[in-house]
Each structure stands twice: as C-alpha cells, then as structure tokens.
Amino acid sequence: MITVALDYRPALFYGFGIGRYVKNLVPAMLRADPELRLKLYGVFLRNRAETLRSHQWPKTERATFHGAPLPARLIPWLGRFLPIGAETFTGPFDLFHDTDYALTPVRHAPRVVTLYDTAYLREGEWVSREQSAHMARIVHKQVAEGTRFITISEFAREELMEAFAIPEEKIDVTYLGVDEVFLKAPERRDPEALTRLKVRDPYVLHLGTLEPRKNLVRLVKAFAHLLEVAPEFQLVLAGRPGWGSERILEVVKALGIEESVRILGRVSEADAVQLVVNTSVMAYPSLYEGFGLPALEGMACGVPVLTSDSHALREICRDGALLVDPTDDQAMAEGLRHLALDRGAAFEIADRGARLARKFTWDLCAQRTLTAYRKTLEERE
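Everything in this summary refers to the structure shown in the same document. (Residues numbered from 1 in each chain as written. Predicted model: local features only at pLDDT ≥ 70, side-chain atom pairs only at ≥ 80, totals over all residues. Heavy atoms only, no water.)

Some remarks on the pairing of strand β6 (residues 148-151)
Quick note on the threshold: Relative accessible area decides the class of each residue, using a 1.4 Å probe on protein chains only: under 20% of the type maximum gives buried, over 50% gives exposed, and in between gives partly exposed. By the criteria applied, helices consist of DSSP H or I runs no shorter than four residues and strands consist of E runs no shorter than two, each listed in order from the N terminus. DSSP bridges decide pairing: two strands pair if at least two such bridges lie between them. Seen with its strands pointing away from the viewer, a crossover is right-handed if its path from the first strand over the helix to the second goes clockwise.
The two faces of β6 match: Arg148 and Ile150 on one face and Phe149 and Thr151 on the other face are all buried. Bridge count between strand β5 (residues 111-114) and β6: three bridges; the pairing is parallel. Considered in β6, the bridge of Thr114 is made with Ile150. The β-α-β motif built from β6, the intervening helix α7 (residues 154-164) and the parallel element strand β7 (residues 171-173) has right-handed crossover chirality.

In structure tokens form, the structure reads like this:
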C-alpha cells in the first residue's frame, strides 16, 4: 500500500484550472489503485468552515482530510525555524504531491511536483511584474526540492526542461481528462439557464480567466467583424477578471458593441456546462497554454471550437477544432465567421472534436500519475 499526501487546497478553492485537475485526479487514482491511500492536505484559514462543509468529498476511507485553521503562508515561514511540515498535520506518508504554486515543507519523504506551464516567466506580457517574480520564485524552489515532476503536455514538458534545466528522465506527461459533466452535457441541455444568465442565442463563448494571455482583445475585434454580417450574435465572456482585464472592456466600448457583449464574471460549474453545450461557437484563441482544458471540454460537448494553431492547443485539439494563428487578426475573424455561418463545416469539426475528446480521460491521467509515484519510490530505494 502506498500512502500519498497531496495538496488538496486547489480542489477546495478553484472551480476550474488547477482545481478541476485535483478534484478529478483524486477519485480517479483511488479507482485505479485499490491499495492507494491518500492524505488530503489542507492547512488554510479563509472561509474554512463553509468551504469544508459545502465540499463534495471522496466517499472512501482511503482518502482522509488533514489540516488546521491556520494561514497557509504561515507554515513555510515556521518551517524555516521549527521542525514543522506537512507531516505535522497528516502523520507519516511515502511521498508528497505538490499540486499548486505553493511550497509546503516536507521533512521525511520525496516529493512529486506538478508543473503546468511557464507563462509566469513572461513578465510584463501576460502577468504583472510582481506576479511573475512571485511565481518564478516558488517554482524555482519546487524544482530544487522536487524528486520527480509531472506536467500536462509534451509542449509544457519541453518548456519546463528548457526553463528550469529539469532532466528529461525526471519529468512525466500526464494528459488531463474531460470531466464527466461535459461528456453528458448534450443530454442535459437546459436553455432556461441562458435566460437566467441573460444570454441570448446564438452566441460565441469564451470560458476562462479574463487576462491578456487569453487573447481576448483580438477575439473582441474578430467578433465585431462577425456582427457586420450576423448582428444577431452575442459574445459571452465567462470567467473571473484577471490582471489586465480592464483592457477588454475598453476595446468593447471603443468598438461600440456593448449591447452585443455579455461579461458574466465567475460562473458555477453547472452554469459553465450549460454555457458550453448551448453555444454556437466556443472560442479559445489563447496565446499560450500548457494544455487548454476549456477547449477540450467544448469539443467534448460536441460544439465547434476555434482555438490556436500553436503551443499545447495544437497538440491537444489537433483536427478536432478549427486552428488559427492567434496573432493574425484576419485569420481569427475569418475562422469565427466560418464556424458561425457555415453550419455544415461547423458540424464536421464538432463531430471530430467530440470523438477526439473522449480519448482524454481522468482514469488515464491517474494511471500515469501513479506510475510517476512508483518511479519516485523506486528511485529512492
């Protein structure tokens, strides 16, 4: 039996991104290995009682939650002076799995670290200078203290090897999976959800954090061209506002298309599913992704997806989406118009995408993660 302590806090705090990764990985690993025991690490203070009460926990005695009502940042600081680490709260374990950009002190076990991409190294381009420095500092520490590393695409693997000099044999790729709610979404379409969200049909959807890396200024401009021939369309941007998001609204106003753009902010998982499954086109023209899960989730729902012909999105989406140069304004406008107005072509792309998306499963991600765990323990013997 292997006992793994895993930083579970992303599953408690984030509905998308890293949170979705942790939330789906845990039950999938428990299914894949009936002898696995997980200790879910969760030292934090903010909204603790409500967060723990409302969370949907794995229903098994092989996954137990361990933590304390303390500020998360306090533990690394105390660990510099006192023999305090993850073991203080979880008891002994065979290895620790870092799943977030946070370094938890570990005293007596190897650690596996999931690293997602290197976007934070692009200071001033996609993240603020302060955020870039903060995240890079954390990852450098994780690389220095990690025994083995996991990432989410071959593209991200190459980027991380180059940026942090990680040996090729020390980093494994575990593709992410599609959440079951998206695979079943076409059978559970609820048009009334759009009325509640004040979204009108037909619409183009972007799902994800509103930030420069997502290339939303170009998307807004491409959508303005679509309105010239199809004024009935609406652009829906769903996701929390990130650094630099105010620029998006400035462009919307400058183009005079406020009545055709709906900015929803953060949405629940249930609403996200309904937004995806009911959209005419899902647009995810990101300038940089380590994986690009929202694009894959759109494909899984059987909707036509427009995304970037570069970085990990090319690797993941392949011919299951319409790939365009994310830096070419005309190509993006033409691609958006093609999917919105040529429904025959859109259907063919959506059909290929749905079939491809089903090959990305959390069970496969879990099996590859468990293999990385075993390699870590074998190398230590």
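Quick notes on unusual backbone geometry
Between Asp201 and Pro202 the backbone carries a cis peptide bond, its omega angle lying at 5°. Looking at the secondary structure, you find Pro202 in the loop between α9 (192-196) and β8 (203-207). Unlike most non-glycine residues, Asn47 shows phi in positive territory, near 50°. For Asn47, the position within the fold is in the loop between β2 (37-41) and α3 (48-54). Exposure remark for Asn47: the relative accessible area of 54% places this residue in the exposed category. The phi angle at Ala165 is positive, at roughly 55°, despite the residue not being glycine. By the secondary structure assignment, Ala165 is in the loop between α7 and β7. A relative accessible area of 63% means that Ala165 is categorised as exposed.

A look at the packing of helix α15 (residues 329-341) against helix α16 (residues 343-357)
We count it as follows: Interaxial angle, 0 to 180 degrees, is taken between N-to-C directions of lines fitted to C-alpha atoms, where a helix line uses only the stretch in contact. Roughly parallel covers angles under 35 degrees, roughly antiparallel covers those over 145, roughly perpendicular covers 65 to 115, and oblique covers all other angles. In this description, contact between two residues means that some pair of their heavy atoms is separated by no more than 4.5 Å. When residues are sorted by character, Ala, Val, Leu, Ile, Met, Phe, Trp, Tyr, Cys and Pro go into the nonpolar class, Asp, Glu, Lys and Arg into the charged class, and all the rest, Gly among them, into the polar class.
With their axes 5 Å apart at the nearest point, α15 and α16 run at an angle of 95° to one another. Our classification of the angle between α15 and α16 gives roughly perpendicular. On the side of α15, the interface is formed by His338, Leu339, Ala340 and Leu341, while α16 contributes Arg343, Ala345, Ala346 and Ile349. Of the residues assigned to the contact of α15 with α16, the class counts are six nonpolar, one polar and one charged.

Quick word on the sheet that holds strand β3 (residues 63-66)
The seven strands lie next to each other as β3-β2-β1-β4-β5-β6-β7, forming an open sheet whose pairing is parallel. The open sheet terminates on both sides in strands that have one partner only, identified here as β3 and β7. Taken pair by pair, the neighbouring strands of this sheet meet at an average axis angle of 25°, ignoring direction. The pairing of β2 with β3 spans four bridges and is classified as parallel. Paired with Leu40 across the strands is Phe65, a residue of β3.

Considering the nonpolar core
To keep things clear, this is the line we draw: Put simply, buried Ala, Val, Leu, Ile, Met, Phe, Trp, Tyr and Cys residues joined by side-chain atoms within 4.5 Å make one nonpolar core.
Ranked by size, the top nonpolar core spans 84 residues in total, and within it Tyr21, Met29, Leu38, Leu275 and Leu296 carry the most contacts. Among the elements that make up this core, the one with the highest residue count is helix α2 (residues 18-32) (eight residues). Beyond its immediate stretch of four places on either side in the chain, Tyr21 contacts His97, Thr114, Tyr116, Ile150, Leu176, Trp362 and Cys365. Listed in part, the 31 residues of the second largest apolar core include Ala230, Val261, Ala333 and Ala346.

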